[in-house]
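Given next are the chains, with one letter for each unit.
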Amino acid sequence: MAAAGNSDLMQKIVSLCKRRGFVFQSSEIYGGLRSAYDYGPMGVELKRNLMSEWWRAMVHSREDIVGLDASIIMHPAVWRASGHLAGFSDPLVDCQMCGERFRADKAPRAEQGADTPITLGDKGRAKAALTRAQEQFDIPLTRKKNVLHGAKGNDRGYVCPNCGSPFLSEERQFNLMFRTSLGPVDPIGDIIAAVKQATEDGESEAELRRRVDKAVGESAVYLRPETAQGMFVQFLNIQQSMAMKVPFGIAQMGKSFRNEVTVEHFIFRSCEFEQMECEYFIRPGEGPKALEEWKAERMRWWQSIGLKPENLRMRAHEPDELAHYSDGCVDVEYKFPWGWDELEGIASRTNYDLNAHATASGKKLTYYDQDMVDPETGKKGWRYIPHVIEPAAGATRGVLAALCDAYDEEPGDETGKGARTVLRLHPRLSPVKAAILPLVRKDGMPEVARKVAKQFFAAGINAKYDEQHAIGRRYARHDEIGTPYCLTVDTQTMSDETVTIRYRDDRRQERIKIAEAVDVVTRALSQ
C-alpha cells in the first residue's frame, strides 16, 4: 500500500478492477446505476474464495457452529419485532449548494463560527452556487476558482460531506429498508383508491398518509437489511433438529439490502452487499468473557487470510454508541486509503433479539440446560433465554480490504525496465491459483500445457491455460490479478518433462517435474 501512496490508491484499484475483470459498474452501457456493482470473472472468484475461507473457519472447522441459508424476504412481523420498521431510519439532510443528500449523523463536524470553505466540482458549479447563496442567504461569499470562501459553521455542528457547505435543509427521517409487495396484485390500485377517498372526505395530510400506508401495508414485504434475524427466528428449529447444546452458533452468508443515502468508497458502502454473520448463543452472564474470545478469534482470522497486522485494529464502542440492549461492542477496523473504517462488528447483544421475537410471536425461544443449576431456585435444571455474541463481517468490505492490502507497485531499474503492478493476495484468495503457459504456440507446447492444466482441473484447483501474447506480458497480466504460480512449458519440457514454476511475490523461478506440479502447488496453498 505504501508503494502506491494513499492519495491515489483507490483510483488505481478501481481502474485495475475494471481492466482485469474484478468489478464493473452495473448497467454500465446505460450509464450505470449509482451504488450498484457487478463482480466480473476475477471478482466473483475472489469474493467466493474469501467467503469460503470464512465458512471453513466458522462452520467446517468447529463442532459448535452450524449453517443456515434463510430467505431474503421474511414475514413483515420479523422486522416489526426486531425494531427495524420503527427505528431503522436515519436523519437525512440535503445540501443547498451541491444537492448532496447525506446522513446527518455521519457528516463532518464543524464548530459554530469556524471557517467552512465550500468546494464545488468546477468553476461553473461554483459560480452557480455563489449566485444561489447570495439570493437565498444574503451572505457575502467570495469565489476563488471552484472554492467559495466566507461561510461559517452554524449551530447544526456539521457540514456537507461533499462540498463542505453549512447551508443545509432541515433533517428528515428516511427508512433504510427496501419495500416491495408480495402477491400477483399490484397495490397501486388500492393506493389510488385510498388517495381518492381521502381527498373526497377532505382528510388531512396525516390521515391521507395513514390510509396510503394501510393500502401498501396489506401486501408489503421487505428485502432484509441484515442476515441476523433469520438466525434468531430459526433458533429453536436449529437447536432442536441438530441437538445443539449451549454454547453453540448459527452462521449465515448472504445478500442484504439497505437504501443507503450515502454510498461511498467504491464497493465499501452500497445498497446491495454481502454479509458473513454468526449468532453465537451463550449462557446469561458469559457475555464479557465470550466477547473477548471472539475478538481474538476474529482478528486472528483476518490476519490468516493475508491482511497485514499493522492495517488492522480493534475499536471499542463508546457508551453513547452502544444500542440500549448491548453490553459491549467492538469493531475490527481496517486502514483503508481514506482512513480507519469498519470491517466487522462484534457485539454482545444480550437476549434482546430472542426475547423480542418470543414476545411478538408468542413462542418460547428458550433453552433448557439440565446440567446447570437455576440461580433462582437453586435446583438443577435451568431454563433461560440465551444471550448472544454476534460477529458480523462484511464480505464486500473484506474484498476491498484484500485488494487494498495486496496492491503493490514495484519500480524498475533506471530505465523503468522491470516495473510492475502486483496483487500480493493470499494464495487461497487468489482468483486463479496457477497459470499454465506454453512459451510459444507451436512445437507441441500448447498440447503439453493443456494436459498440465487438465491435471490441475482434475485436482479441483482453479488453473488457467493462457497462450495469448508474449510470455512477459502474460506474467504481468497474472501479477495484476494475483496469480501466485505460473508454470511455463518450454523447449526443455519437451525433452525432460519439467516446467518452470515462477513465484509471483519475488519472481523466483525453478524447474519442477510435470508429475509433481499439482503437489507442489497444493502444498503451497495449504500453508
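Residues numbered from 1 in each chain as written. Predicted model: local features only at pLDDT ≥ 70, side-chain atom pairs only at ≥ 80, totals over all residues. Heavy atoms only, no water.

A. Representation of the overall build of the protein within the structure. Looking only at helices and strands, the protein has 16 helices and 27 strands in total. Long-range contacts, defined as pairs at least 24 residues apart, comprise 66% of the intrachain contacts of the protein with a sequence gap of at least 6. Total accessible area on the protein stands at roughly 26,400 Å², and carbon and sulfur atoms take up 50% of it. Here the protein carries 72 positive and 76 negative side-chain charges, and the mean point of each set is 4 Å from the other. (Helix = DSSP H or I, 4+ residues; strand = E, 2+ residues; numbered from the N terminus. Contact = heavy atoms within 4.5 Å. Areas by Shrake-Rupley, 256 points an atom, 1.4 Å probe, with all protein chains shown as cover. Lys, Arg positive; Asp, Glu negative; His and termini not counted. Charge placed at Lys NZ, Arg CZ, Asp CG, Glu CD.)

B. Structural detail: the nonpolar core. Counting residues in hydrophobic clusters, the biggest one holds 56 residues, and the most contacted among them are F22, M276 and W302. Those elements that place two or more of their residues in this core are α1 (6–19), α2 (41–60), β14 (272–282), α10 (287–304), β16 (328–336), β17 (339–350), β20 (387–394) and α12 (395–406). Looking at this core element by element, the count peaks at nine residues for α2. Among all residues touching M276, those that are not within four sequence positions of it are L50, M51, W54, Q252, M253, W301, W302, P391, A392, A393, G394 and A395. (Core = buried A, V, L, I, M, F, W, Y, C linked by side-chain atoms within 4.5 Å. Buried < 20%, exposed > 50% of the residue type's maximum accessible area, 1.4 Å probe, protein only.)

C. The packing of aromatic side chains, seen in detail. For the structure shown, the criterion picks out 17 aromatic pairs. Taking the centre distance of 4.1 Å and the plane angle of 10° together, the rings of Y325 and Y352 count as stacked. Here Y325 is found in the loop between β15 (312–316) and β16, whereas its partner Y352 is found in helix α11 (residues 352–361), with 27 residues between them in sequence. Between W382 and Y384 the ring centres are 4.6 Å apart and the planes differ by 55°, which places this aromatic pair in the tilted class. As far as the burial class goes, W382 and Y384 line up, both buried. By way of ring pairs, the aromatic residues F232, F235, F248 and F281 are connected into one cluster. (Phe/Tyr/Trp six-rings, centres within 6.5 Å; stacked < 30°, edge-to-face > 60°.)

D. Summary view of helix α5 (residues 123–136). Taking 1.5 Å as the rise per residue, α5 with 14 residues should run 20 Å; its terminal C-alpha atoms sit 20 Å apart, in good agreement. Buried within α5 we find A126, A129, L130 and A133. Take α5 and look down its axis: the buried residues cluster within an arc of 105°, on one side only. Looking at the buried positions of α5, the neighbouring elements they touch are β8 (142–144) and β9 (147–149). Positioned one or two residues after α5, D138 has a phi angle of 50°, which is positive. (Expected span 1.5 Å × (residues − 1). Arc of directions from axis to C-beta.)

E. Representation of the environment of L487. With respect to the element layout, L487 can be found in strand β25 (residues 485–489). Given the relative accessible area of 0%, L487 is considered buried. Here the alpha-carbon distance between L487 and A358, two residues 129 residues apart in the chain, equals 58 Å. With sequence-adjacent residues up to four places away left out, L487 is seen in contact with A434, A435, I436, L437, F456, V499, T500, I501, A517 and V521.

F. Examining the packing of helix α6 (residues 188–200) against helix α7 (residues 205–217) more closely. The N-to-C vectors of α6 and α7 enclose an angle of 160°; their axes lie 9 Å apart at closest approach. When the axis of α6 is compared with that of α7, the two are roughly antiparallel. For the pair α6 and α7, the crossing hand works out as right-handed. Where α6 approaches α7, its residues D190, I191, A194, V195, Q197 and A198 are matched on the opposing element by L208, R211, V212, A215 and V216. For the contact of α6 with α7, a count of residues per class yields eight nonpolar, one polar and two charged. (Axes fitted to C-alpha atoms, helices over the stretch in contact; angles between N-to-C directions. Parallel < 35°, antiparallel > 145°, perpendicular 65-115°, else oblique. Left-handed = near helix turned anticlockwise from the far one by under 90°. Nonpolar A, V, L, I, M, F, W, Y, C, P; charged D, E, K, R; others polar.)

G. Geometry of the side chain of T227. Structurally, T227 is set in the loop between β12 (220–223) and α8 (228–233). Excluding anything up to four places from it in sequence, T227 contacts Q252, G254, K255, S256, Q275 and E277.

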